[in-house]
Amino acid sequence: MATVVALIAGIWFIFRPALPGILHFDDLGNLSALPTIVDRESAWRWIQEGRAGPFGRPLALATFALQHYEWPRPAAFLQWNIALHIVNALLVFWLAVLVARRMGETAKRQILIGFAVAFAWAVLPFLNTSVLFIVQRMALLSSAFMLAGLVAYLKIRGAIDASWLRQLGALAALAFFGLLGLFSKENGALIVVYALVLELALLTVARERRLTFSAVFLLLACVCLLAGLTPRAVWHACVELTRGFDLSQRLGSQGILLAGYLKALLLPLPTDLNPFRFEFLLRDTPALQWGMAIWGVLMLLPLLCWWGGRWHVGWRWVGLVLAWFFYGHLMESGWLNLEPYFAHRNYLPALGLMFAMVYGISLVRKAATLWRCILVAYIVFLAGTTWMNTSLWGNRSLASEIWSMEQPRSVRAILNLAYDVERTQGGAQAQKLLDRFVADERDSVGLRLQGLVSGCAIDPGTDHSAQLLEVKRAIATLPYEGWATDLVEKLMDAVRSKECKGVSTNEVAAIAAAFISQPAYQCSRPAVHNMLWILGLVAMDHGDVQTAMDFYLKGLKESPTYSMASFYLDLASQQGDRAAIEELRTLLKNAPLPRGVTRLEWQDLRKRVEDQLSAYPTTDEIENPRPSFSEGSNPR
């Protein structure tokens, strides 16, 4: 019990300085709709609408929904993250104790090994963002279910020669927790990889050469996982166009990143802990083909080491540790449509390294005291580094400035600093900061457009035509930035609310048309939808209703939304355009339920369309009207 209390207290003491916490871009993008939750029905709808991954991550979203009333106070959300991290550390402690027991260690050594592994893993500085990024609760929760599944597997699994029925029960428990992990975040599927490593470790301890029922089953599950991932390695042309890199670059980046992850995990420097590191890795790093060769070697290394165990069993242990780490990175951006680099992807893969380090040193007999002192000093170093990093996260202004200085060419880092400067010094100072970044460090479509929006808001009397030209040039020549199109609507609002010299609504429409003309932006249906909405508004301002309706209909075909469909219906009704209403009915018939709309609201909209159609005669009725009869006549 004392060990558990010490573990909890130590982790809480080290992470508490990060409070009150910081909201970052991914947090805002995924959680900003929390205020729409007002009751159980709206909470359920918000969870169902989760589009963070192919499975929606409903369990993770449910934990955020429980805190909807706390938004946007990051401290409340961060406290939950820290608590989940502590729970995961306790599960790691339990798992390490179970593995040490299987390896024949005494009860006292099991506790010492378990505590050292859990604490060292929990305070790894490189894993800090897994806790400190609010939205990464998804990774924390998924890992919690995977760790619980691995613990349950070992507890139920029993001896290496247990009956197949008992092994099947252990596999069923593993599958249950794996599904919970999968519905928290997709990397929950990796539980079969970790379980296979543990099963092979049991075989190695027992010196058993024949594969068990569990090992065969888990091996087949891993093959199925690879089979499921392989088609995802070939991205759609639009994905590669918007991401800006191809398959060879993706795989090449993984070789570089895996080597970098190892270094940052074991010997972290302050720059390794910057949350905006490697933002433009694939654009700024030449000769990525060498990275592909490194990636291939790293993927083969665990298999070669396992094969080397035929001559010395020690190689098998090395192979298992490497398999835990490298194969724990299978669901990376080399396969899936994800950002190339994120430290939190090492959250569970790093566990194998920590167990190997702690257990390996515990086995040393020569100069044992010296090696154990080195281990303690190393863990203290890790804990101290994490404490300093969490203290930095607790001071938003200082953190923003340091991160921007360390990553001077990062758009996200400068935006993070600009948001803080705007909060403390005002919008004009923040815009000067962004303008200097664009001029000296890295050009950006989004930052150019943000500068124009700020200019129209802060100083509408100054001629902004030169800025306007730079925005159009940036759209035509610079790489895709999905968030940039969101700013066009803000610019339109600024221009319509008060005159902005050099920027008219026609010019805003020209910006929208410039975005639509670029192939990369054409790949984003929501972006095209929004740009067509802007074009329709400008056409309406000029009194050209028919052109506006054409734009709105094109926008609905790209990405149907309730607001545009409802507006289009009202407009078509006012114009008495039955053909337009019929086309809208056809479109809505096959359209999926839009985000943020209840099924009842969507059905009501469809009913309104039908009601409007019933109010107008059909073409056949116009061409062949029914005969009218006077009262008392007798039609035949």
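Check the entry above for the structure.
Conventions used here
- Residues numbered from 1 in each chain as written.
- Predicted model: local features only at pLDDT ≥ 70, side-chain atom pairs only at ≥ 80, totals over all residues.
- Heavy atoms only, no water.
- Helix = DSSP H or I, 4+ residues; strand = E, 2+ residues; numbered from the N terminus.
- Buried < 20%, exposed > 50% of the residue type's maximum accessible area, 1.4 Å probe, protein only.
- Contact = heavy atoms within 4.5 Å.
- Areas by Shrake-Rupley, 256 points an atom, 1.4 Å probe, with all protein chains shown as cover.
- Lys, Arg positive; Asp, Glu negative; His and termini not counted.
- Charge placed at Lys NZ, Arg CZ, Asp CG, Glu CD.
- 1 Å grid on protein atoms, 1.4 Å probe; cavity = no way out; pocket = protein on both sides within 12 Å on 5 of 7 lines; lining within 4 Å.
- Points joined across faces, edges and corners; volume = space filled by probe spheres on them.
- Nonpolar A, V, L, I, M, F, W, Y, C, P; charged D, E, K, R; others polar.
- Polar contact = N/O pair within 3.5 Å; in protein donor to acceptor, adjacent residues only side chain to side chain.
- Expected span 1.5 Å × (residues − 1).
- Phe/Tyr/Trp six-rings, centres within 6.5 Å; stacked < 30°, edge-to-face > 60°.
- Disulfide = S-S within 2.5 Å.
- Patch = residues over 30% accessible without salt bridge, like charges linked within 9 Å, V, L, I, M, F, W, Y side chains within 5 Å.
- Salt bridge = Lys/Arg side-chain N within 4 Å of Asp/Glu carboxyl O.

Okay, the overall build of the chain next. Per the secondary structure count, the chain includes 32 helices and zero strands. Along the longest, intermediate and shortest principal axes, the C-alpha atoms of the chain span 110 × 70 × 45 Å. Looking at the 636 residues of the chain, the share that counts as buried comes to 50%. A separation threshold of at least 6 residues defines the contact pool for the chain, and within that pool the share at least 24 residues apart is 73%. Carbon and sulfur atoms form 62% of the exposed surface of the chain, whose accessible area is close to 30000 Å². Averaged over its 57 positive side-chain charges, the chain has a centre that lies 14 Å from the centre of its 51 negative ones.

Taken as a whole, the second largest pocket spans an internal volume of roughly 630 Å³. Going through the elements one at a time, α10 (191-205), α11 (213-229), α15 (289-308) and α16 (313-326) are the ones with two or more residues in the lining of the second largest pocket. Classifying every residue of the lining of the second largest pocket by side-chain character gives 21 nonpolar, one polar and three charged.

Next up on the list: the side chain of Arg-277. Within the secondary structure, Arg-277 sits in the loop between α13 (247-266) and α14 (281-284). A distance of 3.2 Å separates polar atoms of two side chains, one belonging to Arg-277 and the other to Asp-272. When sequence neighbours within four positions are dropped, the list of residues in contact with Arg-277 reads Thr-271, Asp-272, Tyr-341 and Gln-407.

Let us now look at α10. Compared with an ideal rise of 1.5 Å per residue, which puts 15 residues at 21 Å, α10 spans 21 Å between its outermost C-alpha atoms and is within 8% of the ideal. α10 sits mainly inside the fold: 14 of its 15 residues count as buried. Just downstream of α10 lies Arg-207, where phi reads positive at about 55 degrees.

On to the packing of aromatic side chains. All told, the structure shown has 20 aromatic pairs when counted by the stated rule. Relative to Phe-119, the ring of Phe-115 has its centre 5.9 Å away and its plane inclined at 5 degrees; by these criteria the two rings are stacked. Here Phe-119 and Phe-115 lie together in helix α6 (residues 107-122), a separation of four residues that amounts to about one turn. Measuring from centroid to centroid gives 4.8 Å for Tyr-480 and Tyr-521, while their planes differ by 45 degrees, and the two rings are tilted. A residue pair is termed long-range when its members are at least 10 positions apart, and Tyr-480 in the loop between α23 (465-477) and α24 (486-497) and Tyr-521 in helix α26 (residues 519-522) qualify at 41 residues. Among the residues examined, Tyr-521 registers a relative accessible area of 3% and is labelled buried. These aromatic residues form a ring-pair network of at least three members: Phe-133, Phe-276, Trp-393 and Trp-403.

Moving on: the state of the cysteines. Summed over the entire model, instances satisfying the criterion amount to two disulfides. Through a disulfide, Cys-238 is tied to Cys-523; the S-S separation comes to 2.0 Å. Measuring handedness by torsion sign, the sulfur bridge of Cys-238 and Cys-523 sits at about -75 degrees and is left-handed. Pair noted here: Cys-238 is in helix α12 (residues 237-243) and Cys-523 is in the loop between α26 and α27 (525-541), with a separation of 285 residues, a long-range link. Residue pairing for Cys-456: its cysteine sulfur links by disulfide to Cys-500, the two sulfurs lying 2.1 Å apart.

What follows covers empty space enclosed by the protein. Any space left empty among the atoms is revealed by the rolling of a water-sized probe across them. Using the criterion set out here, one finds three cavities of 30 Å³ or more in the structure. Lining the largest cavity are 13 residues; nearest its centre among them are Thr-129, Leu-273, Asn-274, Pro-275 and Ala-343. In terms of residue class, the lining of the largest cavity is made up of eight nonpolar, four polar and one charged.

Below, the discussion takes up helix α28 (residues 545-558). Taking 1.5 Å as the rise per residue, α28 with 14 residues should run 20 Å; its terminal C-alpha atoms sit 20 Å apart, in good agreement. Against the buried residues of α28 lie α27, α29 (562-575) and α30 (578-590).

Pro-20 follows Leu-19 through a cis peptide bond whose omega is 15 degrees. Inspection of the secondary structure assignment puts Pro-20 in the loop between α1 (2-15) and α2 (25-31). Residue Pro-72 is bonded to the preceding Trp-71 through a cis peptide linkage, with omega at 5 degrees.

Another point: a nonpolar patch on the surface. Residues Trp-164, Leu-165, Leu-168, Phe-213 and Phe-217 make up a contiguous nonpolar surface patch of about 520 Å² in total accessible area. Those elements that place two or more of their residues in the nonpolar patch are α9 (164-182) and α11. Element by element, the count of residues in the nonpolar patch is highest for α9, at three residues. Here Phe-217 shows up in helix α11.

Everything listed here is a matter of coordinates, which is why it stays silent on function.
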